[in-house]
Amino acid sequence: SQKIEQNSEALNIQEGKTATLTCNYTNYSPAYLQWYRQDPGRGPVFLLLIRENEKEKRKERLKVTFDTTLKQSLFHITASQPADSATYLCALEGVGNTGKLIFGQGTTLQVKP
Amino acid sequence: DTAVSQTPKYLVTQMGNDKSIKCEQNLGHDTMYWYKQDSKKFLKIMFSYNNKELIINETVPNRFSPKSPDKAHLNLHINSLELGDSAVYFCASSSRPEVVDTQYFGPGTRLTVL
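Only a predicted model underlies this, so the values are computations on that prediction, with no experimental measurement involved.

Calculation notes
Residues numbered from 1 in each chain as written. Chains lettered and ligands numbered in written order. Predicted model: local features only at pLDDT ≥ 70, side-chain atom pairs only at ≥ 80, totals over all residues. Heavy atoms only, no water. Contact = heavy atoms within 4.5 Å. Buried area = accessible area lost by both parts, 1.4 Å probe. Salt bridge = Lys/Arg side-chain N within 4 Å of Asp/Glu carboxyl O. Polar contact = N/O pair within 3.5 Å; in protein donor to acceptor, adjacent residues only side chain to side chain. 1 Å grid on protein atoms, 1.4 Å probe; cavity = no way out; pocket = protein on both sides within 12 Å on 5 of 7 lines; lining within 4 Å. Points joined across faces, edges and corners; volume = space filled by probe spheres on them. Helix = DSSP H or I, 4+ residues; strand = E, 2+ residues; numbered from the N terminus. Nonpolar A, V, L, I, M, F, W, Y, C, P; charged D, E, K, R; others polar. Pairing = 2+ DSSP bridges. Axes fitted to C-alpha atoms, helices over the stretch in contact; angles between N-to-C directions.

Caption draft 1: How the structure looks around the interface of chain A and chain B. At the interface, 20 residues of chain A touch 20 residues of chain B. Between chain A and chain B, roughly 1600 Å² of surface is buried when both sides are summed, and carbon and sulfur atoms account for 54% of that area. Linking chain A with chain B are zero salt bridges, by the criterion used here. Summed over the shared surface of chain A and chain B, the number is three residue pairs in polar contact (both at pLDDT 80 or more).

What follows is the structure, given as structure tokens:
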């Protein structure tokens, strides 16, 4: 079955540094991959989507890469700020084009001033 | 304006009771979803409706029944609540099938079964 793994350990970094989060998947070849942000007590918020034929996508301080050979996506936040502290979820569309998204368990990022 | 809203935000109830959670979206989307997020933060899809038609029905106990009176609303009714139903339930919507499925989530309903 499809499986998504994100580093379950929290990532602690200093303000101004680049945060890099990893999403690995197995048993599937998704057409695209998405990243969401979730703050405590709130619903996930969409950040970026990258398709299988795209190597990299950027949005302001965010960058996502997608390596379909390694079955891995990396999510980077450059010049990180304390306000970037949150849990970041990656998601893949399930088989069958039904709109079903399969989420990883998320990685919590803590940016310290 | 709230894009996807859910009520109630918190729900505390006893085992065996029946409860409902309501969801409304004002984005004009055709597809709506219910997700369950457990204590380990895994977010798992339960149901999906497109234009009031059920299109995703994961392995969920039949005590859970979604109802979509129109494409802007998707309610979740739970019968005979059990301790294991305690979780945060999120409603979401998207504009599938026209575009790739970026989903917009509601604020969540924290259900506690005592």
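Caption draft 2: Structural detail: empty space enclosed by the protein. Residues and elements named next belong to chain A. Counted under the stated rule, the structure contains one cavity of 30 Å³ or more. Every residue along the wall of the largest cavity is listed here: Gln2, Lys3, Ile4, Tyr25, Thr26, Tyr28, Leu92, Glu93 and Ile102. For the lining of the largest cavity, the elements supplying multiple residues, two or more each, are β1 (3-6), β3 (19-26) and β9 (86-93). Here the residues of the lining of the largest cavity sort into five nonpolar, two polar and two charged.

Caption draft 3: Region of interest: the sheet that holds strand β7 (residues 64-70) of chain B. Residue and element names in this part refer to chain B. Strand order in this open sheet of four strands is β1-β3-β8-β7, and the pairing throughout is antiparallel. Edge positions in the open sheet fall to β1 (4-7) and β7, since each of these has one partner strand only. Here the strands of the sheet are splayed against their neighbours by 20° on average, with no regard to which way each runs. Summarising the sheet, β1 and strand β3 (residues 19-25) pair through four bridges and their orientation is antiparallel. Of the residues in β3, the one forming a bridge with Gln6 is Cys23.

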